[in-house]
Amino acid sequence: MTAAVTVLAVAALAAGCGSADGRKSGTAGSRDGAAGGFPVTVTDCDGRKTTFSTAPRKIVTSNAASLEMLLRLGVEDRIIGTGFPPGKGTLPGELDARAQRVPALGKTVIPKEKLLGSGADLYIDTFASMGNMGGAATGPTETEFAAAGIKHVYLASTACAPRKKVPQRDLSAVEGDIRRLGQVTGTSPRALQLVAEMEKKVSGVRKAIADVSADKRPSYFFFDFDAGTKQPVAVCNRQVANAVLTEAGARNVFADCAGDFQRVSWEDVVGKDPDWIQLGVRNRGSAAANEKAFGEAEQFLRTFPATAGLRAVKEGKFLRIGSERTTIAGVGNADTVRRIAATLYPDRLGGGEGTDGVAAGGAGR
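On a predicted model such as this, the values are computed, not experimentally measured, just so you know.

Engineer: Can you explain the sheet that holds strand β6 (residues 122-125)? Please cite residues and give values.
Structural biologist: Pairing within the open sheet is parallel, and its four strands lie in the order β5-β4-β6-β7. The open sheet has two edge strands with one neighbour each: β5 (79-82) and β7 (151-154). The mean angle between the axes of side-by-side strands here comes to 20 degrees, regardless of whether they run parallel or antiparallel. The pairing of strand β4 (residues 59-61) with β5 spans three bridges and is parallel.

Below is the structure:
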């Protein structure tokens, strides 16, 4: 993934390291990790180990992915700041109001000096490289983090996944992140509850479509409308969205792309001729504004000469599901799996009613 695409994708989606399989590369060295006991040791993408003798008290998050996980774990009183603050209405329900109260230390990446001087004892990093994320030439070195008394850990499902040799086809890495954050913050019981709820939703989908062979599952294009229409950006097989689509019983038309995001051409999209298209737009802060944005995305596809003849466009097979719930790692990924599957397989899973006030979509308007 090029630096330009990285900046575009992260800035546009406000999106969120260990293994891509969170169940296998989790916390090591914990005396009682499953119960949230200490010490707890976590390992990052490069094998660097970080040990916590006690739970951190002042946490800074890099963006909405780790911020939402911490809010769901109930440790908002320990969060002293975030980068890439989620826009109003981005997070579901009462989480949104809680997120808006967290100080924004940077509109995008937190400036290096501000991060090091924040007083944090933990920085949770959604990105593999801060240098390409906009707003900062380079992030702090591990030596600088240590000198400032800040422990630096990553989200496995986002920061490390693009470097892995295997695609993300399930939500195990996201679930692994939640479990690890639960152990680090001493909230493992809550983390395990969240993971169990996710697995229940996803396993229900798996069971419902178990007899649908891979070649019979509909092809699917995630249209990243906010990344621009001049040249589309594809979600590739290391991105969380690929796991969401796969679990929902869809075939990501760009699943052969190794990485997280990649620039493609409209000719590439036309060549794939997807059965379904998700209108991926950021949450605009209100149902009316969201609906307007979805409408604009659909109108573009209907009127743009290169896409007007696509099968999904002609048949009106659009899904109106926001970008954040699909591309940002979190508990909401399981809800999106259910929403997509319910639209693609209505006879097996019922209607595609959403959970965030935005219609999941369906054929036509």
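Engineer: Provide a residue-level description of the state of the cysteines, including the pertinent values.
Structural biologist: As enumerated under the stated definition, the model contains two disulfides in all. Residue pairing for C45: its cysteine sulfur links by disulfide to C160, the two sulfurs lying 1.7 Å apart. Where C45 bonds to C160 through sulfur, the torsion about that S-S bond is close to -65 degrees, and the disulfide is left-handed. In this pair, C45 sits in the loop between β2 (40-43) and β3 (49-52) while C160 sits in helix α6 (residues 156-160), placing the two residues 115 residues apart along the sequence.

Engineer: I'd love a proper account of the pattern of salt bridges, names of residues and values included.
Structural biologist: Per the stated rule, a full pass over the model turns up 20 salt bridges. Measuring nitrogen to oxygen at the nearest pair gives 3.0 Å for the salt bridge that ties K112 to E144. Of this pair, K112 sits in helix α4 (residues 112-116) while E144 sits in helix α5 (residues 142-147); the two residues are 32 residues apart in sequence, bridging distant segments of the chain. A salt bridge links K317 to E315; the shortest N-O distance between them is 3.3 Å. For K317, a relative accessible area of 24% translates into the label partly exposed. Judged by relative accessible area, which is 42%, E315 ranks as partly exposed. Look at the salt bridges and you will find they share partners, linking E291, E298, R302 and R320 into a network.

Engineer: Before we move on, could you go through the confidence of the model for the protein chain and cite the residues and values that matter?
Structural biologist: Counting all residues, the mean pLDDT for the protein chain is 86, and 83% of those residues have values of 70 or more. A low-confidence stretch, residues 1-36 stays under pLDDT 50, and its non-local contacts, those more than four residues away or across chains, total 113 contacts. Within the model, the stretch residues 130-137 combines pLDDT values under 50 with 25 contacts to residues more than four positions away or in other chains.

Engineer: Kindly report on the packing of helix α2 (residues 64-73) against helix α7 (residues 172-185), identifying the contributing residues and their values.
Structural biologist: Between α2 and α7, whose axes approach to 10 Å, the crossing angle comes to 55 degrees. Judged by the angle between their axes, α2 and α7 are oblique. As α2 runs across α7, the sense of the crossing is right-handed. Of the residues in α7, those touching α2 at M69, L70 and L73 are V174, D177, I178, L181, G182 and T185. In the contact of α2 with α7, the residues fall into six nonpolar, two polar and one charged.

Conventions we followed
Residues numbered from 1 in each chain as written. Predicted model: local features only at pLDDT ≥ 70, side-chain atom pairs only at ≥ 80, totals over all residues. Heavy atoms only, no water. Pairing = 2+ DSSP bridges. Helix = DSSP H or I, 4+ residues; strand = E, 2+ residues; numbered from the N terminus. Axes fitted to C-alpha atoms, helices over the stretch in contact; angles between N-to-C directions. Disulfide = S-S within 2.5 Å. Salt bridge = Lys/Arg side-chain N within 4 Å of Asp/Glu carboxyl O. Buried < 20%, exposed > 50% of the residue type's maximum accessible area, 1.4 Å probe, protein only. pLDDT = per-residue confidence, 0-100. Contact = heavy atoms within 4.5 Å. Parallel < 35°, antiparallel > 145°, perpendicular 65-115°, else oblique. Left-handed = near helix turned anticlockwise from the far one by under 90°. Nonpolar A, V, L, I, M, F, W, Y, C, P; charged D, E, K, R; others polar.

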